[in-house]
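As a plain string of letters, each chain reads:
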Amino acid sequence: MTFEGAPQERTGQEWIERYQGALMNTFGTPQRVLVRGEGPYVWDVDGNRYLDLLGGIAVNALGHAHPAVLDAVTTQLSTLGHVSNFFTSTPQIELAEKLLELIGADGRVFFTSSGTEATEAAFKATRRSGRTTIVVAEGSFHGRTMGALALTSKEAYRAPFEPLPGDVRWVPYGDTAALEAAVDDTVAAVLLEPIQGEAGVIVPPDDYLPAARRITTEHGALLWIDEVQTGIGRTGDWFAHQPSGVTPDLVTVAKGLGGGIPIGAFIALGDAGTLLQPGNHGTTFGGNPVATAASRAVLNTIEKDGLLANASVVGDLIRSGLDDHPLVVETTGRGLLIGVVLTHPVSADIQQAALDAGLIINNPTPDRLRLAPPLILTTDQADGAVKTLRTLLDEAEASTAS
Ligand code: PLP
């Protein structure tokens, strides 16, 4: 099947060969060459349609080609596309105010263009506390630039680039006693994901973030929550830490914030808002009018269309639809950040079979699947996806049994 407007003159395989001749091989061979997206669907160059249950890894909060984002971007770009840091623009100010309102505390925002850049900004801010040690959880992912990489646990990512910026203390994720033991009066910050995404959607015990808040406060350390993957409605709350009742000092966001337009933010609450002083940090593209206008449209649409509630309802539907499958140990996550823990390490095979069946999903570890679909996913679309996934799980189970 092809769709109108598909470039027919070259096949996906030919494009992949061109890709391999022109792009750095940092991520392996791309699975498909995508040419179009609409709502929760994308199409490849060969005309195949996929239900995008990964959303560009938790980025496309409103799906693809959402009219609100399109309108915001085109209107802003045709009005004022970019200004230097010597000036500001109204979308930038409005977005900063909106983020603080949603987070529910006073503070200051620094805009970036990616998650790792938000990590770098926050990392620099922690140094302004006069202390240098950062306590970070095993299994964490905070980005790939040198500072963020120092705070990211995966050895395969780190090893080729040692030595990384130092003074990092590692603790097992979700273990309050270990955190208690690791934090003393020399610690600048404790950095935690409210749910570990890249590690396979791992949810800590309910009392973990409150304990982290108590421990950091006792020792005069900052509590830094990385909401790059979990934030902006993905878990059914604006920020995944909010149900814990904790107010962090530092919050980093990106991914869903721009609904596909590159933008991130480092949000510092209370006194932490003044850690970075004039001359301490900067970036050319951070807070760009087009990116901030897009983000404002994303937040408005999530609010107006009740997408937080939708994320909770549809996420629960998917989890409960998969929970009882014999190949599934458990489903994890909240809202539309979903982990599926398998009894066998067959996630790569299932991911490949899903692609062939028209579903985009991800296999962050050999025995876990991850879904992070657009927040606009309907219950009907989710029902259909669950049916297909169950068939794929049946097939994977049958082939492991044989
Ligand atoms: N922090 C978390 C929790 C992430 O999941 C990611 C990306 O996956 C990052 C930081 C880095 O974001 P980016 O890829 O935009 O640099």
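Just so it is clear, the model here is predicted, and its values are computed rather than measured. (Residues numbered from 1 in each chain as written. Predicted model: local features only at pLDDT ≥ 70, side-chain atom pairs only at ≥ 80, totals over all residues. Heavy atoms only, no water.)

(A) Structural view of the overall build of the protein chain. Within the protein chain, the secondary structure is distributed over 13 helices and 15 strands. A compact globule built from 402 residues should have a C-alpha radius of gyration of about 21 Å, and the protein chain, at 21 Å, falls within 12% of that. Across its three principal directions, the C-alpha atoms of the protein chain cover 60 × 55 × 45 Å. Sorting the 402 residues of the protein chain into buried and exposed places 53% on the buried side. In the protein chain, of all internal contacts separated by at least 6 residues, the share reaching a separation of at least 24 is 69%. For the protein chain, the accessible surface area stands at approximately 17300 Å², while carbon and sulfur atoms represent 54% of it. Mean positive and mean negative side-chain charge positions of the protein chain (27 and 47 charges, respectively) differ by 4 Å. (Helix = DSSP H or I, 4+ residues; strand = E, 2+ residues; numbered from the N terminus. Rg over C-alpha atoms; globule rule 2.2 N^0.38 Å. Buried < 20%, exposed > 50% of the residue type's maximum accessible area, 1.4 Å probe, protein only. Contact = heavy atoms within 4.5 Å. Areas by Shrake-Rupley, 256 points an atom, 1.4 Å probe, with all protein chains shown as cover. Lys, Arg positive; Asp, Glu negative; His and termini not counted. Charge placed at Lys NZ, Arg CZ, Asp CG, Glu CD.)

(B) A look at the pattern of salt bridges. The final tally for this structure, using the stated rule, is 15 salt bridges. The shortest N-O distance in the salt bridge between Lys98 and Glu101 comes to 3.3 Å. Of the two residues, Lys98 and Glu101 both sit in helix H4 (residues 90–103), 3 residues apart, roughly one turn of that helix. The class for Lys98 is buried, based on a relative accessible area of 15%. (Salt bridge = Lys/Arg side-chain N within 4 Å of Asp/Glu carboxyl O.)

(C) Structural context of unusual backbone geometry. For the bond running from Glu162 to Pro163, omega is 0°, close enough to zero to count as cis. Within the secondary structure, Pro163 is located in the loop between helix H7 (155–158) and strand S6 (168–171). Phi is positive for Ile57, close to 55°, though the residue is something other than glycine. Inspection of the secondary structure assignment puts Ile57 in helix H2 (residues 55–58). Taking relative accessible area as the criterion, Ile57 reaches 24% and is therefore assigned partly exposed. Of note in this structure, Val201 is not a glycine but carries a positive phi near 65°.

(D) Quick peek at helix H13 (residues 379–401). Along its 23 residues, H13 runs 32 Å from first to last C-alpha, staying within 8% of the 33 Å computed at 1.5 Å per residue. Along H13, the residues classified as buried are Gln381, Ala382, Ala385, Val386, Leu389, Leu392, Leu393 and Ala396. (Expected span 1.5 Å × (residues − 1).)

(E) Structural context of helix H9 (residues 208–218). Along H9, the residues that are buried comprise Tyr208, Leu209, Ala211, Ala212, Arg213, Ile215 and Thr216. Elements in contact with the buried residues of H9: helix H8 (176–182), strand S7 (187–192) and strand S8 (222–226). Just downstream of H9, Gly220 is the residue with a positive phi angle, here 65°.

(F) Highlighting the site of the ligand. The immediate surroundings of the ligand are formed by Ser114, Gly115, Thr116, Phe141, His142, Gly143, Glu193, Glu198, Asp226, Val228, Gln229 and Lys255. A distance of 2.8 Å separates an oxygen atom of the ligand from a polar atom in the backbone of Gly115. Contact between the ligand and Asp226: a nitrogen atom at 2.7 Å from a side-chain N or O atom of the residue. For the ligand, whose free accessible area comes to 390 Å², the fraction covered by protein is 82%. Considered class by class, the residues forming the shell around the ligand number 2 nonpolar, 6 polar and 4 charged. (Near = heavy atom within 4 Å. Polar contact = N/O pair within 3.5 Å; in protein donor to acceptor, adjacent residues only side chain to side chain. Nonpolar A, V, L, I, M, F, W, Y, C, P; charged D, E, K, R; others polar.)

(G) Main features of the packing of aromatic side chains. For the coordinates displayed, the defined rule picks out 2 aromatic pairs. Between Phe141 and Tyr157 the ring centres are 5.9 Å apart and the planes differ by 85°, which places this aromatic pair in the edge-to-face class. Of the two residues, Phe141 is situated in the loop between strand S5 (133–137) and helix H6 (146–150) and Tyr157 in helix H7; the sequence distance between them amounts to 16 residues. Residues Tyr173 and Tyr208 carry aromatic rings whose centres are separated by 5.7 Å and whose planes lie at 80° to one another, so their mutual orientation is edge-to-face. Placement of the pair is Tyr173 in the loop between S6 and H8 and Tyr208 in helix H9, with a sequence separation of 35 residues. Exposure remark for Tyr173: the relative accessible area of 15% places this residue in the buried category. One cation-aromatic arrangement involves Arg49 over Tyr41; the distance from NZ or CZ to the ring centre is 3.9 Å. Stacked on the ring of Tyr157, the Lys or Arg Arg144 has its end atom at 3.8 Å from the ring centre. (Phe/Tyr/Trp six-rings, centres within 6.5 Å; stacked < 30°, edge-to-face > 60°. Lys NZ or Arg CZ within 6 Å of the ring centre and 35° of its normal.)

(H) Focus on the side chain of Ser89. Along the chain, Ser89 falls in the loop between helix H3 (67–77) and H4. Given a relative accessible area of 5%, Ser89 falls into the buried group. If near-sequence neighbours (up to four positions away) are discounted, Ser89 is found in contact with Leu80, Gly287 and Pro289.

(I) Structural context of the nonpolar core. Core analysis: the largest hydrophobic core is formed by 60 residues, its most contacted members being Leu53, Leu99, Ile267, Ile302, Ile318, Leu342 and Ile350. Of all the elements, H13 adds the most residues to this core, at 7 residues. Composition of this core by domain shows at least three residues from each of domain 1 (12–17 + 26–65 + 307–401) and domain 2 (67–304). (Core = buried A, V, L, I, M, F, W, Y, C linked by side-chain atoms within 4.5 Å. Domains from an automatic or database assignment.)

(J) Structural detail: the domain arrangement of the protein chain. The domain architecture assigned to the protein chain consists of domain 1 (12–17 + 26–65 + 307–401) and domain 2 (67–304). Between domain 1 and domain 2, the C-alpha centre-to-centre distance is 26 Å. The partner domain 2 presents 30 residues to the 28 residues of domain 1 that form the contact. Summed over both partners, the interface of domain 1 with domain 2 comes to about 2300 Å²; 60% of that surface belongs to carbon and sulfur atoms. (Buried area = accessible area lost by both parts, 1.4 Å probe.)

(K) Inspection of the sheet that holds strand S14 (residues 362–365) at higher detail. Read from one edge to the other, the open sheet built from 4 strands follows the order S11-S12-S15-S14, with strand pairing classed as antiparallel. Every other strand in the sheet has two partners, leaving strand S11 (328–334) and S14 as the edge strands with one partner each. Taking the axes of each pair of neighbouring strands and ignoring which way they run, one obtains an average angle of 25° across the sheet. Here strand S12 (residues 337–342) pairs with strand S15 (residues 368–371) via 4 bridges, running antiparallel. The partner of Ile338 across the bridge, within S15, is Leu371. Docked against the sheet, helix H12 (residues 347–356) engages S12, S14 and S15, running at close to 165° with respect to S14. (Pairing = 2+ DSSP bridges. Axes fitted to C-alpha atoms, helices over the stretch in contact; angles between N-to-C directions.)

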